[in-house]
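Coordinate analysis (summary)
So you can see what is in the structure, the chains are spelled out below.
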Amino acid sequence: MKIAILSCFYPFRGGVAQFNASLLGCLSKDDTVKAFNFTTQYPSFLFPGKTQYVAPGDEALKVESEACLSTVNPVSWIKTARAIRRWGADLLILRYWMSWFAPSLGWVARHAGCKVVAITDNIIPHEPHFFDRPLTKWFLRGVDGCVTMSEEVAEDLLKLKKDARYTVLPHPLYTHFGDRVPREEAEKRLGLESGRKNLLFFGLIRKYKGLDILIDAFGLLPEDYQLIIAGEPYGDFSEYSEAIEKSPAKDRIHLFRRYIPDSEVKWFFSAADAAVLPYRSATQSGVNALACHFEVPMIVTDTGALRRTVEGRGTGLVVDKAEGAVVADGVRRLFDTAGLRDDCIRHIRDEKQRLSWSGFCKGLLSFTESL
């Protein structure tokens, strides 16, 4: 079968591009697969981060692709659909995570001349706008089926398209970041004091992810904890800077305020005793998949699919509210309950066997054959 994947690939960076590269590699083992890439993903003035592209030394997964689709140029939509038809695709896979992509991807889906399946990270964005629902409804009418990575996203899908054909496949684990390195080596690399309990907040810094909640929580924890914040802010960081400056524990907060390239990810997770996801809202989380890969237990808030994917699988601890005191209590329980962290690590190792890319791709192809 000839499978086209239309989404962002190298030289774009970030979790979606990483996911797409792994998906391409897995599907290519048994089928002929081609990557169709963006020329323009977002206009620069709309992009909240520093850059959309891989920087020198990032060591991102390099993927050969045909760059053809500009989200802001309808002429490119026509050319992209024509290129996919000319290549002779039997199946087109799209990635959909925000309504900005609905016009371009929806048009291509309608004119690709083959079966179309969308992998939908989100149906309703974490930070919604009035135009999200109508644009997403229009996009969904152009695809034959959807893959969601949580039951919560599936529920959102059915709210917008009651007769949607879909399947739920859990987010597979990233494997291209390498293995854990010795903790002492990671702490030295990051300039951390050894002998403390290391909490990690990792990934893009956006309001819904609750970094302010974690900073408040950390101020309630004793001296034997230190907090690692690693990620690029999407938007103004001044709120967090002020919270850190006012924190009684500010001397134990280590800030890496930048995009973390693939080659450095292992240092942060190898130093961590627990990853904290104090999200105000969520569907599934790529950080969850990273933590599982590096066998780091998680403390998460009860939102979206996090309870099911963490507590339901025994890979961490869930707190009931996205509030500083509640998160701090969860941290204490994870570390003070005898054997709890070790149990979480054992369950994570079981999850690593279940959440393989081969299993995800097998489920994806089985679903497409049913359409």
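Up top you'll find the structure we're talking about.
In this report, the structure presented in the accompanying data block is examined. (Residues numbered from 1 in each chain as written. Predicted model: local features only at pLDDT ≥ 70, side-chain atom pairs only at ≥ 80, totals over all residues. Heavy atoms only, no water.)

**Digging into the layout of surface pockets**
- Roughly 300 Å³ of internal volume is contained in the second largest pocket.
- Lining of the second largest pocket is provided by 19 residues; of these, Met149, Pro170, His171, Thr309 and Arg354 occupy positions nearest its centre.
- Mapped by element, the contributors of at least two residues to the lining of the second largest pocket are helix H10 (286–293), helix H11 (306–311) and helix H13 (340–354).
- Looking at the lining of the second largest pocket element by element, the count peaks at three residues for H10.
- Taken together, the residues of the lining of the second largest pocket break down into eight nonpolar, six polar and five charged. (1 Å grid on protein atoms, 1.4 Å probe; cavity = no way out; pocket = protein on both sides within 12 Å on 5 of 7 lines; lining within 4 Å. Points joined across faces, edges and corners; volume = space filled by probe spheres on them. Helix = DSSP H or I, 4+ residues; strand = E, 2+ residues; numbered from the N terminus. Nonpolar A, V, L, I, M, F, W, Y, C, P; charged D, E, K, R; others polar.)

**Quick notes on helix H12 (residues 324–336)**
- Over its 13 residues, H12 extends 18 Å from the first C-alpha to the last, a length consistent with the 18 Å expected when each residue adds 1.5 Å.
- Listed as buried for H12 are Gly324, Val327, Ala328, Gly330, Val331, Leu334 and Phe335. Taken around the axis of H12, the buried residues stretch over an arc of 155 degrees, which confines them to a single face. Exposed residues lying more than 90 degrees from the buried face of H12 are Ala325 and Asp336. (Expected span 1.5 Å × (residues − 1). Buried < 20%, exposed > 50% of the residue type's maximum accessible area, 1.4 Å probe, protein only. Arc of directions from axis to C-beta.)

**With respect to the sheet that holds strand E5 (residues 115–120)**
- The seven strands are arranged E3-E2-E1-E4-E5-E6-E7 in an open sheet whose pairing can be described as parallel. With partners counted over all chains shown, the strands left at the sheet margins are strand E3 (65–70) and strand E7 (166–168), one partner each. Strand-to-strand twist across the sheet, computed as the mean angle between neighbouring axes with direction ignored, equals 25 degrees.
- Alignment of strand E1 (residues 2–6) against strand E4 (residues 91–96), held across four bridges, turns out to be parallel. (Pairing = 2+ DSSP bridges. Axes fitted to C-alpha atoms, helices over the stretch in contact; angles between N-to-C directions.)

**Here's the deal with the sheet that holds strand E10 (residues 253–256)**
- Reading across the sheet, the six strands line up as E10-E9-E8-E11-E12-E13 and stay open at both edges, with parallel pairing between neighbours. Lying at the two open borders of the sheet, with one neighbouring strand each, are E10 and strand E13 (316–319). Across this sheet, the average inter-strand angle for adjacent strands is 20 degrees, counted without regard to direction.
- Examined bridge by bridge, strand E12 (residues 298–301) and E13 share four bridges and lie parallel to one another. Bridging from a neighbouring strand, Met298 pairs with Gly316 of E13.
- Contacts from helix H9 (residues 262–271) reach strand E8 (197–202), strand E9 (225–230) and E10 within the one sheet, and its direction differs from that of E8 by about 140 degrees. (Contact = heavy atoms within 4.5 Å.)

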